[in-house]
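Structural description and commentary
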Amino acid sequence: MKTLVFDPSYGCAGDMILGALIDAGVSIDQLKSALNGLNLTGFDISTEKTERSHIAATQMIVNVEETATHRHLADIYEIIDEGKLSNSVKHNARSIFARLAEAEAAVHGTSIDSVHFHEVGAVDAIVDIVGACVGIELLDVDRILSRPVAI
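Report on the accompanying structure. Since the structure is predicted, the reported quantities are computational estimates derived from the model, not experimental observations. (Residues numbered from 1 in each chain as written. Predicted model: local features only at pLDDT ≥ 70, side-chain atom pairs only at ≥ 80, totals over all residues. Heavy atoms only, no water.)

**Considerations on the side chain of Thr58**
Positionally, Thr58 belongs in strand S3 (residues 55-64). A polar contact of 2.4 Å, which involves the side chain of Thr58, links it to the side chain of Asp23. Looking at Thr58, its side chain comes within polar contact range of the side chain of Lys49, at 2.8 Å. When near neighbours in sequence (up to four residues on either side) are disregarded, Thr58 contacts Gly19, Ile22, Asp23, Thr47, Glu48, Lys49 and Thr50. (Helix = DSSP H or I, 4+ residues; strand = E, 2+ residues; numbered from the N terminus. Polar contact = N/O pair within 3.5 Å; in protein donor to acceptor, adjacent residues only side chain to side chain. Contact = heavy atoms within 4.5 Å.)

Structure follows, in C-alpha cells:
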C-alpha cells in the first residue's frame, strides 16, 4: 500500500502541494499534459528549485492571464467534466470543490448553488486542485495522511 503523508508545518497552498508532488516523483511533463486537457486557456505552469528554512524544494509557478473571474460550482464542474481527465481525477476534483462550496455557503449563510467563487474559481486555483488530483493519481497513492495544517 502506497501512502502519501503531508506535513504542512509551513502552511498549505496549491502551489506548495504541486511542488511537493513533483518532488515525490510526479513528472512535470505528465502534469502539464493532463492540465492541458482541461477546457481552460491562458495559463502555463513551470517549476524552479527553492530553499525554505534550509530545506530544498520545488516551487510550482502557475502563470495566468485571467483577471478576476467569478464562477459558480456548476461552472467549475463543467470545466472539470469537459476535461480530458480520468474519472477518478474528475471525481476527486469535484469532491474538493464541493467541500469548498459547503464551507463558503456556511460562512456566507447561503446555499451551495448560490456560492460564487472568487479566488478559488480562478484559473490558478482550478489548476492547483485538478493538478493535485492528477499528481496523486500519477503516484498511484492508496492512502493519504496529513498532519495538522499550520495556521
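**As for the nonpolar core**
Grouped together as the largest cluster of nonpolar side chains are 40 residues, with contacts concentrated most on Leu21, Leu31, Leu35, Leu38, Ile126 and Val130. Among the elements of the structure, strand S1 (3-6), helix H1 (14-23), helix H2 (28-35), strand S2 (43-52), helix H3 (73-82), helix H4 (87-108) and helix H5 (123-138) are those that each provide at least two residues to this core. At 9 residues, H5 tops the list of elements feeding residues into this core. (Core = buried A, V, L, I, M, F, W, Y, C linked by side-chain atoms within 4.5 Å. Buried < 20%, exposed > 50% of the residue type's maximum accessible area, 1.4 Å probe, protein only.)

**Quick look at the pattern of salt bridges**
A full pass over the atoms with the stated rule returns 3 salt bridges. Note that Arg147 and Asp7 form a salt bridge whose closest N and O atoms lie 3.3 Å from each other. Pair noted here: Arg147 is in the segment after strand S6 (143-146) and Asp7 is in the loop between S1 and H1, with a separation of 140 residues, a long-range link. With a relative accessible area of 52%, Arg147 lands in the exposed category. Taking the relative accessible area as the measure of exposure, Asp7 reaches 47% and is therefore partly exposed. (Salt bridge = Lys/Arg side-chain N within 4 Å of Asp/Glu carboxyl O.)

In short, the description is geometric, and any link to function would need to be established separately.
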